[in-house]
Amino acid sequence: MNFSDELVNWYTQNKRDLPWRHTTDAYIIWLSEIILQQTRVEQGLPYFYRFAETYPAVTDFAAAEENEILKLWQGLGYYSRGRNMLKTARMVQDLYGGKFPTRYADLIKLKGIGEYTAAAIASFSSNEAKAVVDGNVYRVLARYLGIFEPINSTAGKKLFQLKANDFLNKKNSALHNQAVMEFGAMVCKPKNPACGICPVRLDCYAFKHNATTSLPVKLKTVKVRQRYFNYFLYTDGEHILMNKRDESDIWANMYDLPMIETDGIAPVNKLITHPEAVNYFGEALEISTISEVKKHILTHQQLYIRFITIAKQPVSLKPNWFFIKVENLQTLPLSKVIFIFLDNFLN
Ligand code: SF4
């Protein structure tokens, strides 16, 4: 048996029973693919059900408000995915009359759909002969073939796509693609791959050369930015002061508390006299409690966050600040860190 047949054989006997594997509906496949980007299956599954039930067709999705999407997305992270999905759904509504395209050439033109997602939807929905290359495929191919070209270099991306195309079973691309990805997720795992039960181990470069820990190779390029957020919580017991975030930063268009960003962890006396604090909270800022600094890790940023509860109402409000009844807080899409803090504080 060749590489593809071996993996398809393994997949047929060992695949996980996941809801999007029972359909060729391009819209449902798209939902699952976007939700599962940089997300574990167990974490994404409840979100998939929630979205598929709330918006059974792409036309339902296209008619939603951005706030509704962000609220359903709450806790999953990478919120730009949710916002881009809304744009995609509306494009499908406008350009294709609400019928989700199934051809790679049409899919790749849609917002938030890159080469991997277009290939996945095209092959799973219409069996189009397109090879998918995701993190799992990079890992399997790098190890099996002994490719040391970094997977995130331009040359590496081209090479891996070529190799994936070579291996593709063009008559049944849907099955082939799903098999390679599932095999990467379940057997050829990032850590401790199960080489002992691997059906292709006798031909695998990494197995033969004891090189599973060195492959795949990845260039370290991303610089992590460190940021320091000082959140201020003011409530009169019935209302709470909130902030709507703008488009240009993390958690775009979601909601958090009034915040002052500093260059480092500012001592309390410096925070009280910070020009923004004086401007909005007055000269005599009365702090009731101040939390420990918590580290919150995002892909390219490390946030150091602390929460400061204040006793006196601000003297002026920024344009994005507003009061909301505490009981209505649940209607606002919040980042996980804010949600957890408010949940603990208010309950
Ligand atoms: Fe991956 Fe090990 Fe199989 Fe090679 S032998 S493909 S490293 S699981």
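Let us look at the structure shown here.

Rules used in this analysis
Residues numbered from 1 in each chain as written. Predicted model: local features only at pLDDT ≥ 70, side-chain atom pairs only at ≥ 80, totals over all residues. Heavy atoms only, no water. Helix = DSSP H or I, 4+ residues; strand = E, 2+ residues; numbered from the N terminus. Buried < 20%, exposed > 50% of the residue type's maximum accessible area, 1.4 Å probe, protein only. Contact = heavy atoms within 4.5 Å. Areas by Shrake-Rupley, 256 points an atom, 1.4 Å probe, with all protein chains shown as cover. Lys, Arg positive; Asp, Glu negative; His and termini not counted. Charge placed at Lys NZ, Arg CZ, Asp CG, Glu CD. Salt bridge = Lys/Arg side-chain N within 4 Å of Asp/Glu carboxyl O. Phe/Tyr/Trp six-rings, centres within 6.5 Å; stacked < 30°, edge-to-face > 60°. 1 Å grid on protein atoms, 1.4 Å probe; cavity = no way out; pocket = protein on both sides within 12 Å on 5 of 7 lines; lining within 4 Å. Points joined across faces, edges and corners; volume = space filled by probe spheres on them. Nonpolar A, V, L, I, M, F, W, Y, C, P; charged D, E, K, R; others polar. Pairing = 2+ DSSP bridges. Expected span 1.5 Å × (residues − 1). Near = heavy atom within 4 Å. Sits in = over half its atoms within 2 Å of the grid points.

### Concerning the overall build of the protein
Summing up its helical and strand segments, the protein has 15 helices and 8 strands in all. Counting only C-alpha atoms and orienting by the principal axes, one finds that the protein spans roughly 75 × 50 × 35 Å. For the protein, the residues scored as buried account for 47% of the 347 residues in total. Taking as baseline every contact in the protein between residues at least 6 positions apart, the subset at least 24 positions apart corresponds to 64%. For the protein, the accessible surface area stands at approximately 17600 Å², while carbon and sulfur atoms represent 51% of it. Treating the 41 positive side-chain charges of the protein as one cloud and the 34 negative ones as another, the clouds have centres 7 Å apart.

### Structural notes on the pattern of salt bridges
Evaluation of the coordinates by the stated rule reveals 9 salt bridges. D256 is the salt-bridge partner of R245, the closest N and O atoms lying 2.7 Å from each other. You can see R245 sitting in the loop between strand 2 (239-244) and strand 3 (255-256) and its partner D256 sitting in strand 3, a full 11 residues away along the chain. D256 sits in the buried class, given a relative accessible area of 0%. The salt bridge involving K318 is made with E276; its shortest N-O contact spans 3.1 Å.

### With respect to the packing of aromatic side chains
Per the stated rule, a full pass over the model turns up 27 aromatic pairs. Each ring, one from F229 and one from W251, has its centre 6.5 Å from the other, and the planes form 75 degrees; the classification is edge-to-face. Of this pair, F229 sits in strand 1 (residues 225-233) while W251 sits in the loop between strand 2 and strand 3, placing them 22 residues apart in sequence. Summarising the burial analysis for this pair, F229 and W251 share the class buried. With 3.7 Å between their ring centres and 5 degrees between their planes, F307 and F341 make a pair best called stacked.

### What to know about empty space enclosed by the protein
Scanning the model with the defined rule gives 3 cavities of 30 Å³ or more in all. Estimated volume of the largest cavity: approximately 120 Å³. Along its surface, the largest cavity is lined by 15 residues, and F183, C188, C195, C198 and C204 are the ones closest to its centre. A total of 3 residues in the lining of the largest cavity trace back to one element, the largest contributor, which is helix 9 (residues 135-145). Among the residues making up the lining of the largest cavity, the classes are represented as 12 nonpolar, 1 polar and 2 charged. Taken as a whole, the second largest cavity spans an internal volume of roughly 60 Å³. If you trace the second largest cavity, you find it lined by F3, A131, V132, V137, L141, A164, F167, H176, N177 and V180. For the lining of the second largest cavity, the secondary structure elements donating two or more residues are helix 9, helix 10 (154-167) and helix 11 (173-186). Per-element accounting of the lining of the second largest cavity gives the leading share, 3 residues, to helix 11.

### Some thoughts on the sheet that holds strand 2
Read across the open sheet, the 3 strands follow the order 3-2-8; overall the sheet is antiparallel. Edge positions in the sheet fall to strand 3 and strand 8 (321-325), since each of these pairs with one other strand and no more. Relative to strand 8, strand 2 runs antiparallel, the two sharing 5 bridges. Looking across to strand 8, one finds that M242 is bridged to F322.

### Section: helix 3 (residues 41-54)
The end-to-end C-alpha distance of helix 3, which contains 14 residues, comes to 20 Å, matching closely the 20 Å that a straight helix rising 1.5 Å per residue would cover. Looking at the packing, one finds that the buried side of helix 3 touches helix 2 (26-35), helix 4 (58-62) and helix 5 (66-73).

### Quick word on the site of the ligand
The environment of the ligand is made up of R143, F183, V187, C188, C195, C198, R201, C204, F207 and T212. Under a 2 Å grid-point criterion requiring more than half of the atoms, the pocket assigned to the ligand is the largest cavity. By residue class, the composition of the shell around the ligand is 7 nonpolar, 1 polar and 2 charged.

### As for the environment of V326
Mapped onto the fold, V326 is located in the loop between strand 8 and helix 15 (336-346). For V326, a relative accessible area of 22% gives the class partly exposed. Expressed as a C-alpha distance, the spacing of V326 and T221, which sit 105 residues apart in the sequence, is 43 Å. Ignoring any residue separated from it by four or fewer positions in sequence, one finds V326 in contact with T235, G237, E238, H239, I240 and L346.

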